[in-house]
Amino acid sequence: MQIRLDKYLADMGVGTRSQVKQHIRRKQVTVNGEFSAGPEQKVTPGEDVVSFQGQSIPYAQYEYYLFYKPKGCVSATTDNCHKTVLDYFPENRRKGLFPVGRLDIDTEGLLLITNDGALSHNLLAPGKHVPKTYYAEVLNPVTEEDIAQFAQGIDIGEAKPTRPAKLAPLPGEGLPTAQVELTVTEGKFHQVKRMFEAVGNEVLCLKRVSMGGLELDESLSPGEYRPLTDTELQKIRR
Ligand code: URA
């Protein structure tokens, strides 16, 4: 498959389509070591070596980022009122990036950002039961009874109770405690908050710490992201 050189460079985040046209005209782009003939030149991703300012720009069809979603932004690609998760990526970012699933505006933590629709579909498919672990601070300390109820399944007003979920005190904490970890294997709307509400409790603070074998990278600050490593990618593809 051949694509236009300006599209290739824009797809790889070198700049907007008009910016990369300028780079090409200013002789900052080579194809197989030769200055490009123009933005409309056709190149074959994976075969032709495209370089910008002397640095080769390999073509990657898909991109995967581990994002530390901060509180106060919405898990959407556009929004009229609020900042979105994509506002934390550069303006010339690859078109087509989107968050895999949603975290509430006041929830922080791990969110996968990609342009790979098939992978997203797989991770979110209800039948896949991909585990997601949250750190939560709740109003009332949880008890053994809460743990047993979460393990059994909770009526949150849906047709069926929630699937068995693992509620545990944070490592090093004993019961009763208001600082817990909860692992769920489904993704209903406001699920964690509704589960605690159903047992007469209230979530005060919620942070996703893992999803399908991916863990939040605590060296990132809220609002920062990094590409997934090959090992992480293998884990979520499994
Ligand atoms: N459950 C919630 O209630 N909120 C989230 O953001 C994620 C899971």
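Right above here is the structure, for reference.
Reading guide: rules and limits
Residues numbered from 1 in each chain as written. Predicted model: local features only at pLDDT ≥ 70, side-chain atom pairs only at ≥ 80, totals over all residues. Heavy atoms only, no water. Helix = DSSP H or I, 4+ residues; strand = E, 2+ residues; numbered from the N terminus. Rg over C-alpha atoms; globule rule 2.2 N^0.38 Å. Contact = heavy atoms within 4.5 Å. Areas by Shrake-Rupley, 256 points an atom, 1.4 Å probe, with all protein chains shown as cover. Lys, Arg positive; Asp, Glu negative; His and termini not counted. Charge placed at Lys NZ, Arg CZ, Asp CG, Glu CD. 1 Å grid on protein atoms, 1.4 Å probe; cavity = no way out; pocket = protein on both sides within 12 Å on 5 of 7 lines; lining within 4 Å. Points joined across faces, edges and corners; volume = space filled by probe spheres on them. Nonpolar A, V, L, I, M, F, W, Y, C, P; charged D, E, K, R; others polar. Near = heavy atom within 4 Å. Polar contact = N/O pair within 3.5 Å; in protein donor to acceptor, adjacent residues only side chain to side chain. Sits in = over half its atoms within 2 Å of the grid points.

### Digging into the overall build of the protein
Secondary structure summary: the protein contains six helices and 17 strands in total. Its C-alpha atoms give the protein a radius of gyration of 22 Å, more than 25% over the compact-globule value 18 Å for 238 residues. For the protein, the spread of C-alpha atoms along the three principal axes comes to 70 × 35 × 30 Å. Look at the contacts in the protein between residues 6 or more apart in sequence, and 62% of them connect residues 24 or more apart. Carbon and sulfur atoms form 48% of the exposed surface of the protein, whose accessible area is close to 12,800 Å². Between the mean site of the 29 positive side-chain charges and the mean site of the 31 negative ones, the protein shows a separation of 8 Å.

### Some thoughts on the side chain of Ser210
Relative to the assigned elements, Ser210 resides in strand 15 (residues 203–211). Excluding residues that lie within four positions of it along the chain, Ser210 makes contacts with Leu110, Pro131, Lys132, Thr133 and Glu215.

### A closer look at the layout of surface pockets
If you add up the space inside the largest pocket, you get close to 650 Å³. Counting residues per element, the ones that place at least two in the lining of the largest pocket are helix 3 (117–124), strand 12 (132–142), helix 5 (191–198) and strand 15. Looking at the lining of the largest pocket residue by residue, the classes come out as 14 nonpolar, eight polar and eight charged.

### Quick look at the site of the ligand
Leu103, Asp104, Thr107, Tyr134, His190, Gln191, Val192, Lys193 and Leu206 make up every residue found near the ligand. A distance of 2.7 Å separates a nitrogen atom of the ligand from a polar atom in the side chain of Asp104. The pocket occupied by the ligand, as judged from atoms lying within 2 Å of grid points, is the largest pocket. Of all the elements, helix 5 adds the most residues to the shell around the ligand, at three residues. Class assignment for the residues of the shell around the ligand results in four nonpolar, three polar and two charged.

### Structural notes on the environment of Gly223
Within the fold, Gly223 resides in the loop between strand 16 (214–215) and strand 17 (225–227). Residues Gly223 and Gln19 lie 204 residues apart in sequence; the distance between their C-alpha atoms is 26 Å. The residues touching Gly223, leaving out its near neighbours within four places in the chain, are Phe67, Tyr68, Pro70 and Tyr88.

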